[in-house]
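Chain by chain, the residues:
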Amino acid sequence: MTSDDKAQIGAAEAARDFIREIVAADLAAGRAKEVVTRFPPEPNGYLHIGHAKSICLNFGLAQEFGGRCNLRFDDTNPAKEEQEFIDAIERDVTWLGFKWSGEVKYASDYFDRLYGWAVELIKKELAYVDDQSAEEMRLNRGTLTEPGKNSRFRDRSVEENLALFAAMKDGKFAAGKCALRAKIDMASGNINLRDPVLYRIVEASHPRTGTAWKIYPSYDFAHGQSDAIEGITHSICTLEFEDHRPLYDWFIANLSVPSKPHQYEMARLNLTHTLLSKRVLTGLVRGGHVGGWDDPRMPTIAGYRRRGVPPEAIRDFIKRIGVAKANSQVDLGALDFSVREALNKTAWRRMAVLKPIKVVIENYPEGQIEELEAVNHPDDEAAGSRKIKFTRELYIERDDFMEVPEKKFFRMAPGREVRLRYAYFVTCKDVVKNAAGEVTELRCTYDPASKGGNSPDGRKVKATIHWVSAAHSIPAEVRLYNPLFNDPNPSADPEAFASQINPQSLEVLTDARLEPSLAEAKLGVPVQFERQGYFCLDRDSGYAKLVFNRTIGLRDTYAKDVAKDKAAG
RNA sequence: UGGGGGAUCGUCCAAUGGUAGGACUCCAGACUCUGACUCUGGCUAUCUAGGUUCGAAUCCUAGUCCCCCAGCCA
């Protein structure tokens, strides 16, 4: 297959969005021979679901059109960047299922060439060293409605600028003493064109270049030229960079760069009940509001991974929400849907009682143990089955019993017959209470003829509930997660966001009882606790202690109904 | 008030002058040894006002509302 064929197939299969339209048109018109994209994170934090949108787009474009995609770290500000973040980002991109072209790239790989281009601009009288303080520069930049004023250092000679810039590079000046600026137009309506800073002095150790450099290129000066070096054809970023595009193009037009990339902008992802700014996420971690960057409540890729969200669910979600230029806020429920859909297909089923209450089958012989057959996956025969032990004393879910059942409650209640999944029909005969009047035990009888879960007389029950054998079940801690913010549209305000954190975002259940096969649960392998949701083993599990995370609950129309009735009064 | 963008079901995305469509949500029902899954059906939208046209979400004019920009952050 030729690359042309691949490109055509890619174009045909691709979900159509304005970026893919542009790429397809450029390929068709021969403006680009192949598509080359890049995912360019700054290693100053962990990747989150918003980055996943950019990752899926950039790597997806390369896959669909038979091109390639680079992973490039935009490491131009050593004051904020760390090796830990570089490592985490590589891990997360890989986990999401993407492979970058060749070696990992770094803007810092290009520091020498970038420096050379800065010299080129000075020689063309298109850049100058400005001795104004940051404060002075700000004052002279003007405002949104008033033009700025030229710096009094703007007309220095080429020789003087060259000497000064070299001195900056050699560490002759303290941070803030001066900066290299492009000479464009202090009166431009676009503030990015009012002599933007190209290089500044930074006194910090860089994770890769150490202290070799005293000066660092700004984002604007580094990004487009890095794209040009790598032969990027379509440089995709978010909307807030739209008015940087004229500057991006200005550098490409005025510098002897090896290729001419173009920048395109799309809306970033916003999710209800979620804050995705790096500042907020860093604040959540550093402020101790969560357990770390991979806390299962975090919207980070690492957080979703630990929570049990499979990478295909994230990819599916991103595909569903599309790409456009309109600011929007996607309902968290859409992510939930993708997660459930992915998990339903693959997760094996198990029985686990989260909040146990004891059940004694009075007419079942003491000491008797029966092995019953239970399937691993209802829609996948190849998944096989396992044996579960039935005994006289069991645990069922406390929520599956109501002493005084409301009209829509189908589960266990005094005098009512229900099915224990894969086992027998049982009827609740009596309720045992403690001194405080709380129900502590249910006394039931079973119908021996209903073994396996069906009664030969064709009798029906309205509910099937899960259970475990008291003696054979194993204890575990189960962690339930709720949104970090109850407000669907939380404020990212530094003061406000911490106070909006949902105090019930983490709920720990310490006396869950699991069917014994769950002792073999593996990290990273999802499992469905029947009628409850999808769960996964947490890395906090140890030799003597099992810890499970609830990735997401099953849809629960009964609970929703009850809540609705309550709201209606 | 300068510059740059954007407005379509509750939400997200399509429709590129020719039947406003899909997904999520929601509602009603079927099925069910998971109140899950699956299946069936349904509700709901073109920011406003003019204009061009046989025909406008799309083109034109004038408005309205929303977002971004005044770091030596990215």
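For clarity, every value in this text was computed on a predicted model and none was experimentally measured.

Peer 1: I would appreciate a short explanation of the sheet that holds strand β17 (residues 425-433) in the present structure.
Peer 2: Sheet strands pair via backbone hydrogen bonds, and the direction of the pair is either parallel or antiparallel. The strand order β19-β16-β17-β18-β12-β15-β20 describes an open sheet built from seven strands, whose pairing is mixed. Each edge of the sheet is formed by a strand with only one pairing partner; in this case those strands are β19 (464-465) and β20 (467-469). Relative to strand β18 (residues 439-447), strand β12 (residues 356-361) runs parallel, the two sharing four bridges. When the bridges of β18 are listed, V359 appears paired with L442.

Peer 1: Honestly, the side chain of D220 in this entry has me stumped. Any pointers?
Peer 2: With respect to the helices, strands and loops of the structure, D220 is situated in helix α8 (residues 219-230). Despite being buried, D220 has no salt bridge partner; R200 is the closest side chain of opposite charge, sitting 9.4 Å away. Of note is the side chain of D220, whose polar atom sits 2.7 Å from the side chain of H244. Leaving out residues up to four positions away in the same chain, D220 has contacts with Q225, H244, L247 and F251.

Peer 1: Would you mind showing me how to read the protein's contact with RNA strand B here?
Peer 2: Residues in contact with RNA strand B amount to 67 residues; listed here are only the nearest, R349, R411, R419, G452 and K560. Of all atoms in RNA strand B that approach within 4 Å of the protein, 65% are sugar or phosphate atoms. Note that a phosphate oxygen of RNA strand B is positioned 3.1 Å from one of the side-chain N or O atoms of R141. Between G176 and RNA strand B, the recorded distance is 3.0 Å, taken from a backbone N or O atom to a base nitrogen. Taken together, the elements giving at least two residues each to the surface near RNA strand B come down to α6 (134-140), β6 (197-201), α12 (311-321), α13 (332-346) and α15 (557-568). Looking at the surface near RNA strand B, the element that brings in the most residues is α15, giving four residues.

Peer 1: Please clarify how α13 should be interpreted in this entry.
Peer 2: Across its 15 residues, α13 extends 22 Å between first and last C-alpha, which sits within 8% of the 21 Å expected from 1.5 Å per residue. Residues L332, L335, S338, V339, A342 and L343 constitute the buried set of α13. Buried residues of α13 fall within an arc of 125° about the axis and therefore sit on the same side. Residues of α13 that are buried sit in contact with α11 (301-307), α12, β10 (348-350), β24 (533-537) and β25 (547-553).

Peer 1: In this structure, what is going on with the pairing of strand β8 (residues 234-238)? I would like to understand it.
Peer 2: Successive side chains on a regular strand alternate, one facing one side of the sheet and the next facing the other. Within β8, five of the five residues are buried, which leaves the element mostly enclosed by the surrounding structure. Of the two faces of β8, both are covered, the one formed by H234, I236 and T238 as well as the one formed by S235 and C237. For the handedness criterion, the β-α-β arrangement of β8, helix α9 (residues 245-254) and strand β9 (residues 262-266) is classed as right-handed.

Peer 1: Mind showing me how you'd approach the packing of aromatic side chains here?
Peer 2: The description of an aromatic ring pair rests on the distance of the ring centres and on the angle between the ring planes. Under the criterion given, the structure shown has 22 aromatic pairs. Seen in terms of ring centroids, Y115 and F165 are 4.8 Å apart; in terms of plane orientation they differ by 15°. Their pairing is stacked. With Y115 in helix α5 (residues 111-123) and F165 in helix α7 (residues 158-169), this residue pair connects regions lying 50 residues apart in the sequence. Summarising the burial analysis for this pair, Y115 and F165 share the class buried. Aromatic rings pair up to connect F111, Y115, F165, Y199, W213, Y216, F221, W250 and F251 into one cluster.

Peer 1: I would appreciate a short explanation of the packing of helix α3 (residues 49-64) against α12 in the present structure.
Peer 2: The relative placement of two packed helices is expressed as an angle between their axes plus a distance between the axes. At a closest axis distance of 10 Å, the pairing of α3 and α12 adopts a crossing angle of 75°. By the angle between their directions, the pair α3 and α12 is classed as roughly perpendicular. Here I49, A52, K53 and C56 of α3 come into contact with α12, specifically with I314, R315, F317 and I318. Per-class residue counts for the contact of α3 with α12 are six nonpolar, no polar and two charged.

Peer 1: I'm lost on the pairing of strand β15 (residues 393-397) in this one. Help?
Peer 2: Most of β15 is tucked away: four of the five residues are buried. With five bridges joining them, β12 and β15 adopt antiparallel strand pairing. Each bridged residue has a counterpart across the sheet, and for K358 the counterpart in β15 is Y395. Here β15 runs beside β20; their pairing, made up of three bridges, is antiparallel. Bridge pairing in β20 links Y395 to V468.

Peer 1: How should I be thinking about the side chain of K53 in this particular structure?
Peer 2: Examined against the element boundaries, K53 turns out to sit in helix α3. An unpaired buried charge is present at K53: no salt bridge exists, and D17, the closest side chain of opposite charge, is 9.3 Å distant. When residues no more than four places from it in sequence are discounted, the contact partners of K53 are M266, A267, R268, L269, I318 and G322.

Peer 1: I tried to follow the environment of A127 on my own but got confused; where do I start?
Peer 2: Along the chain, A127 turns up in strand β4 (residues 127-130). Note on A127: relative accessible area 1%, which makes it buried. Apart from the residues lying within four places of it in its own chain, the contact partners of A127 are L121, I122, N161, L180, R181, A182, K183 and L198.

The rules behind these values
Residues numbered from 1 in each chain as written. Chains lettered and ligands numbered in written order. Predicted model: local features only at pLDDT ≥ 70, side-chain atom pairs only at ≥ 80, totals over all residues. Heavy atoms only, no water. Pairing = 2+ DSSP bridges. Helix = DSSP H or I, 4+ residues; strand = E, 2+ residues; numbered from the N terminus. Buried < 20%, exposed > 50% of the residue type's maximum accessible area, 1.4 Å probe, protein only. Lys, Arg positive; Asp, Glu negative; His and termini not counted. Salt bridge = Lys/Arg side-chain N within 4 Å of Asp/Glu carboxyl O. Polar contact = N/O pair within 3.5 Å; in protein donor to acceptor, adjacent residues only side chain to side chain. Contact = heavy atoms within 4.5 Å. Near = heavy atom within 4 Å. Expected span 1.5 Å × (residues − 1). Arc of directions from axis to C-beta. Right-handed = clockwise from strand over helix to strand, strands pointing away. Phe/Tyr/Trp six-rings, centres within 6.5 Å; stacked < 30°, edge-to-face > 60°. Axes fitted to C-alpha atoms, helices over the stretch in contact; angles between N-to-C directions. Parallel < 35°, antiparallel > 145°, perpendicular 65-115°, else oblique. Nonpolar A, V, L, I, M, F, W, Y, C, P; charged D, E, K, R; others polar.

None of the figures reported here should be taken as evidence of function without further support.
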